[in-house]
Amino acid sequence: MGTVTDSLEEQAALGSGATFWTTKAVGDVPSILLTDGPHGVRRQAGSTGDHLGLGRSEPATCFPPAVGLSQTWDPELVERVGAALGAESRALGVRVLLGPGVNLKRDPRCGRNFEYFSEDPLIAGALGAAWVRGVQGQGVGASLKHFAVNNAEDDRMRSSSDVDERTLRELYLRAFEHVVTAARPWTVMCAYNRINGVYAAENTWLLSTVLREEWGFDGAVVSDWGAVRDRVAAVAAGLDLEMPGGNGASDADVVAAVEAGTLDATVVARAADRVATLAARVTENCSSTARFDVDAHHDLAREAAARSIVLLQNKDNLLPLTPSALAVIGGFAVRPRYQGGGSSHVTATRVDVPLEEIRRYAGGHQVTYSEGLTADTLAAAADADAAVVFLGLAAEDESEGFDRTHIDLPADQLQLLSAVVQVQPRTVVVLAHGGVVALDGVAGLAPAILDGALLGQGGGRGIADVLFGAVNPSGRLAETVPVRLQDSPAYLNFPGEDGHILYGERVFVGYRWYDARAAAVTFPFGHGLSYTRFDYTDLVVVSGTEDLTVRVSVANTGDRVGREVVQVYAGLPASRVSRPPRWLAGFAGITVAPGALADVEIRVPRDELGYWDVQAGRRLVEAGEYTVSVGASSRDLRLHTDVTVDADVAPAVTFTVDSTLGELLGDPVAAPIVAAALASAVPEGAAGSALGTDMLRMLGSIPVGRMVSFSGGAVSRAQLTELLDEVNRQRS
Ligand code: BGC
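Residues numbered from 1 in each chain as written. Predicted model: local features only at pLDDT ≥ 70, side-chain atom pairs only at ≥ 80, totals over all residues. Heavy atoms only, no water.

- Per an unreviewed UniProt entry, the protein chain is named Beta-glucosidase, and its organism is Mycolicibacterium frederiksbergense.
- Per UniProt, the protein chain carries the Sequence similarities (unreviewed entry) text "Belongs to the glycosyl hydrolase 3 family." (UniProt positions renumbered as here; feature names shortened; annotations may be inferred.)

As structure tokens, this is what we get:
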């Protein structure tokens, strides 16, 4: 990559936007347009804009937001949605689409959970990578966001996410790592917040060491809109493009810093080159401005919506409905809640209305509609063959920019449901919400529940398709539904205080937490029913030196075709570090005809078995007996087997005076040397010569350097140094 311009002023100018949504044209480098993302193109007209979803944007297809789309557990479908988004971006002149958001859903209260995929990094990473492949396959750049550890909205522009390194690496950075290494996004968007005290935009460790040096990222780092507090510090840390554009004041800061010798000129030149490379990449690859196919994209939005729906409960096989007289109740049936609030808010090309779609399926039978609880409502419900009650959160209950304080549905909705169920036991609930809601009450009242989360503009048709069985539901929860908010992992540490959010639950996020505490949940991670049944048999796991190959047979024992999501969980009961009982290690979707048997093979990369070893500074796989479980959810595990896995070669540890006696005796090379030294150093008959098992355990945790004083002179400092030198020499 050559230097795009020798002029320091021009280099600095390339590093900040021209307008709210565009970069500057400098020399031969063209200006490019970036816009939100992620589930639709929010192309605002003119040069003014906003990042709060206030101003109108041009019509574009509103696909299911990540909270819905993630429930498909289907990278292939997500990639098709990505490709459609890429095509719409091209048609609207957008060169970089701001998404996907792969932050973990750490706490159910985070106001922006609707824009994120999962509480699990494997799902978030796999779906995020698919989204990037789809968009970039159209020549439009993606912007992986919000890097990193942006898991709360309150005070998001200042708060510090205080999280230990193992948790960061295993959970919060993991999905980003996967997307960067597997799908190579052309840009990454740094988050607003601080990480362990340092702003993401100024975080050299994050933006340069981890992102570029370790993961090999070769694109441009873009700031979240308004995330840059100190442009000079940000450029020094690895930021390439500050957005939105301002008045050029921060360009002048950069020039002044270089002239004053406080900022390296080569760093500025490199950032400018990266912005120029981005502009070249998107303009070379994205020449067409053809119109997109509005109808075809609406059909895809409907397909994605139907596939996103999770059948949570279906007592006595109430669903699917047959064409019959129905009472439809609740405002979301006529004014669907289908997307979240804030920067991702799209002006949909059209919106399917659930009530109209249900009427289409009702085959001429009467379908009544009531908004809320009146006497008429109950009479209509009692007279119908079944009731369909729409419940959920209103737009004002949740949004980007603030967090929720509870996860309850409005009390009047539960009263309504309770009254309807009393007169009409055949009641189906359809849910709309961006963040998870407590469902114990609903599950106790309604025999059947469809979880729509947020479904985008095709949700109305998708709901009707599933209600009447035109689509057999195959969605799976990507997030646990807890019984109570108080049970959730970060309950006591969210949203934080005095500007600090302590990630005290460490690696125990989502189902990892509920399973470790054997806590009851209302619906577990991975859960989702079907109108057919699947049986699992013949689990075989082949473990080589590299990856695991998991083979299992899945039989459709029901009477209709269906899609099963086969989930593989791994666990290591005897791990040397604190780990959850099991974690998702792989998954695959498979469509099986009634009566048929399908063989499924899932590759689990060896790396998925590892943990982040802080001392070694890398992921390590421990030796041991791993339990591999296969099933239909994290709590519906049908088959298990144990496999023996060899350890990674750990980097050599150098023993020092701070190493404990136990660590030395636990090392096969050091143990005999130390045992011999102990035997000769401690005189026969002295207390130390009677080192029994308990005595050894007692002494085991003492750093050997302290032996000098504890031994009353029997072990000298020089002897100890000699011993450690010998041990380290023989080990190296
Ligand atoms: C959001 C980003 C968004 C940007 C531009 C910010 O407030 O955090 O996700 O891409 O605005 O609208």
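### Some remarks on the environment of Gly 469
Okay, step 1: On the secondary structure map, Gly 469 appears in the loop between α16 (459-467) and β15 (481-482).
Okay, step 2: The exposure class assigned to Gly 469 is buried, which follows from its relative accessible area of 16%.
Okay, step 3: Put simply, Gly 469 and Ser 308 are 161 residues apart on the chain and 14 Å apart in space, counted from C-alpha to C-alpha.
Okay, step 4: Those residues in contact with Gly 469 that sit more than four places away from it in its chain are Pro 320, Tyr 531 and Arg 560. (Helix = DSSP H or I, 4+ residues; strand = E, 2+ residues; numbered from the N terminus. Buried < 20%, exposed > 50% of the residue type's maximum accessible area, 1.4 Å probe, protein only. Contact = heavy atoms within 4.5 Å.)

### Focus on the domain arrangement of the protein chain
Okay, step 1: What the domain assignment lists for the protein chain is domain 1 (28-43 + 60-240), domain 2 (297-523), domain 3 (534-645) and domain 4 (661-731).
Okay, step 2: Opposite the 13 residues of domain 1 that make contact, domain 3 presents 16 residues.
Okay, step 3: Taken together, both faces of the contact between domain 1 and domain 3 bury some 1,300 Å²; the carbon and sulfur share is 58%.
Okay, step 4: Counting the surface domain 1 buries against domain 3, the share from its top three residues, Trp 73, Leu 122 and Arg 166, is 48%.
Okay, step 5: Joining domain 1 to domain 3, the criterion identifies three salt bridges.
Okay, step 6: Between Arg 174 and Asp 607 there is a salt bridge whose closest N-O contact spans 2.9 Å.
Okay, step 7: Inspection of the domain 1/domain 3 interface yields six residue pairs in polar contact (both at pLDDT 80 or more).
Okay, step 8: Residue assignment for the side of domain 1 that touches domain 3 shows that the elements contributing at least two residues are α4 (121-136) and α5 (165-172).
Okay, step 9: Considering every element that reaches the side of domain 1 that touches domain 3, the biggest residue donor is α5, with four residues. (Domains from an automatic or database assignment. Buried area = accessible area lost by both parts, 1.4 Å probe. Salt bridge = Lys/Arg side-chain N within 4 Å of Asp/Glu carboxyl O. Polar contact = N/O pair within 3.5 Å; in protein donor to acceptor, adjacent residues only side chain to side chain.)

### Describing the side chain of Asp 613
Okay, step 1: Structurally, Asp 613 is set in strand β23 (residues 611-613).
Okay, step 2: Taking relative accessible area as the criterion, Asp 613 reaches 10% and is therefore assigned buried.
Okay, step 3: There is a polar contact of 2.8 Å between the side chain of Asp 613 and the backbone nitrogen of Ala 616.
Okay, step 4: Sequence-distant contacts of Asp 613, that is, excluding residues within four places in its chain, are made with Arg 576, Arg 618 and Leu 620.

### Points about the nonpolar core
Okay, step 1: In this structure, Phe 147, Tyr 172, Trp 225, Val 550, Val 566 and Leu 584 are the most contacted members of the largest nonpolar core, which totals 143 residues.
Okay, step 2: Residue contributions to this core peak at ten residues, all from α4.
Okay, step 3: If near-sequence neighbours (up to four positions away) are discounted, Val 550 is found in contact with Leu 539, Val 540, Val 541, Val 568, Val 600, Glu 601, Ile 602, Val 604, Val 628 and Val 630. (Core = buried A, V, L, I, M, F, W, Y, C linked by side-chain atoms within 4.5 Å.)

### Here we look at the pattern of salt bridges
Okay, step 1: All told, the structure shown has 52 salt bridges when counted by the stated rule.
Okay, step 2: A salt bridge links Arg 603 to Asp 547; the shortest N-O distance between them is 2.3 Å. Residue Arg 603 is found in strand β22 (residues 597-604), and its partner Asp 547 is found in the loop between β18 (534-543) and β19 (548-556); the two are separated by 56 residues along the sequence.
Okay, step 3: Residue classification places Arg 603 among the exposed residues on the basis of a relative accessible area of 53%.
Okay, step 4: One continuous salt-bridge network, built from bridges that share partners, spans Asp 36, Arg 42, Arg 112, Glu 115, Lys 145, Glu 153, Arg 156 and Glu 400.

### Quick look at the packing of aromatic side chains
The geometry of two aromatic rings is summed up by the distance between their centres and the angle between their planes.
Okay, step 1: Enumeration according to the criterion identifies ten aromatic pairs in this entry.
Okay, step 2: On the numbers, 5.3 Å between centres and 50° between planes, the contact of Trp 73 with Phe 525 is tilted. Remark: Phe 525 occurs in the loop between β17 (521-523) and β18 and Trp 73 occurs in the loop between α2 (66-69) and α3 (75-91); sequence separation between them is 452 residues. Across the pair, exposure class does not vary: Trp 73 and Phe 525 are buried alike.
Okay, step 3: Taking 5.4 Å as the distance between ring centres and 80° as the angle between the ring planes, the aromatic pair formed by Trp 73 and Phe 587 counts as edge-to-face. Of this pair, Trp 73 sits in the loop between α2 and α3 while Phe 587 sits in strand β21 (residues 583-592), and the two are 514 residues apart along the sequence.
Okay, step 4: According to the relative accessible area criterion, Trp 73 is buried, its value standing at 0%.
Okay, step 5: Here a set of aromatic residues connected by ring pairs shows up, and it is made of Trp 73, Tyr 511, Phe 525, Tyr 569 and Phe 587.
Okay, step 6: Its guanidinium or amino end placed over the ring of Tyr 503, Arg 106 lies 3.9 Å from that ring's centre, counting from NZ or CZ.
Okay, step 7: The ring of Tyr 199 has Arg 194 sitting right over it, with the charged end atom 5.7 Å from the ring centre. (Phe/Tyr/Trp six-rings, centres within 6.5 Å; stacked < 30°, edge-to-face > 60°. Lys NZ or Arg CZ within 6 Å of the ring centre and 35° of its normal.)

### Things to note about the sheet that holds strand β9 (residues 310-314)
Okay, step 1: Taken in spatial order, the six strands line up as β9-β14-β13-β12-β10-β11 in an open sheet, and their pairing is mixed. Each having just a single partner strand, β9 and β11 (367-370) make up the two edges of the open sheet. Recorded for the sheet is a direction-independent mean angle of 15° between the axes of neighbouring strands.
Okay, step 2: Relative to β11, strand β10 (residues 326-329) runs parallel, the two sharing four bridges. Note that in β11 the partner of Leu 326 across the bridge is Val 367.
Okay, step 3: Across the face of the sheet, helix α12 (residues 354-361) comes into contact with β10, β11 and β12 (386-392) while running at roughly 165° to β11. (Pairing = 2+ DSSP bridges. Axes fitted to C-alpha atoms, helices over the stretch in contact; angles between N-to-C directions.)

### A look at the packing of α4 against helix α6 (residues 174-183)
Okay, step 1: Across the interface, α4 lies against α6 with an axial gap of 8 Å and an inter-helix angle of 35°. By crossing handedness, the relation of α4 to α6 is classed as right-handed. Across from Pro 121, Ala 124, Gly 125, Ala 126, Gly 128, Ala 129, Val 132, Arg 133 and Gln 136 in α4, the residues of α6 making contact are Arg 174, Ala 175, His 178, Val 179, Ala 182 and Ala 183.
Okay, step 2: For the contact of α4 with α6, a count of residues per class yields nine nonpolar, four polar and two charged. (Left-handed = near helix turned anticlockwise from the far one by under 90°. Nonpolar A, V, L, I, M, F, W, Y, C, P; charged D, E, K, R; others polar.)

### Some details on helix α10 (residues 265-285)
Okay, step 1: For α10, built from 21 residues, the straight-helix expectation of 30 Å at 1.5 Å per residue is met to within 8% by its first-to-last C-alpha distance of 30 Å.
Okay, step 2: Looking at α10, one finds that the buried residues are Val 267, Val 268, Ala 269, Ala 271, Ala 272, Asp 273, Arg 274, Val 275, Ala 276, Leu 278, Ala 279 and Val 282. (Expected span 1.5 Å × (residues − 1).)

### Overview of α4
Okay, step 1: In a regular helix each residue adds 1.5 Å, so 16 residues correspond to 22 Å; α4 covers 22 Å between its end C-alpha atoms and thus fits that length.
Okay, step 2: Most of α4 is tucked away, with 15 of its 16 residues classed as buried.
Okay, step 3: Taking the backbone nitrogen of Leu 122 as reference, a side-chain oxygen 2.8 Å away marks Asp 120 as the first, capping residue of α4.

### A short note on the site of the ligand
Okay, step 1: The immediate surroundings of the ligand are formed by 14 residues, with Asp 36, Arg 112, His 146, Tyr 192 and Asp 224 found nearest.
Okay, step 2: One of the side-chain nitrogen or oxygen atoms of Arg 156 is found 3.3 Å away from an oxygen atom of the ligand.
Okay, step 3: Classifying every residue of the shell around the ligand gives five nonpolar, three polar and six charged. (Near = heavy atom within 4 Å.)

### Structural notes on the confidence of the model for the protein chain
Okay, step 1: Mean pLDDT over the protein chain stands at 94; residues scoring 70 or higher make up 97%.
Okay, step 2: Put simply, helix α20 (residues 693-700) is where the protein chain has its lowest mean pLDDT, 72, and β9 is where it has its highest, 99. (pLDDT = per-residue confidence, 0-100.)

### Things to note about the pairing of strand β3 (residues 141-147)
Okay, step 1: Across the seven residues of β3, seven count as buried, placing the element largely inside the fold.
Okay, step 2: Two strands pair when backbone bridges link them, and strand β2 (residues 96-98) and β3 are joined in this way by two bridges, in the parallel orientation. For Leu 97, the partnering residue across the bridge sits in β3 and is Ala 142.
Okay, step 3: Each parallel crossover has a hand, and the one from β2 via α4 to β3 is right-handed.
Okay, step 4: As judged from the three bridges shared by β3 and strand β5 (residues 187-190), these two strands associate in the parallel manner. (Right-handed = clockwise from strand over helix to strand, strands pointing away.)

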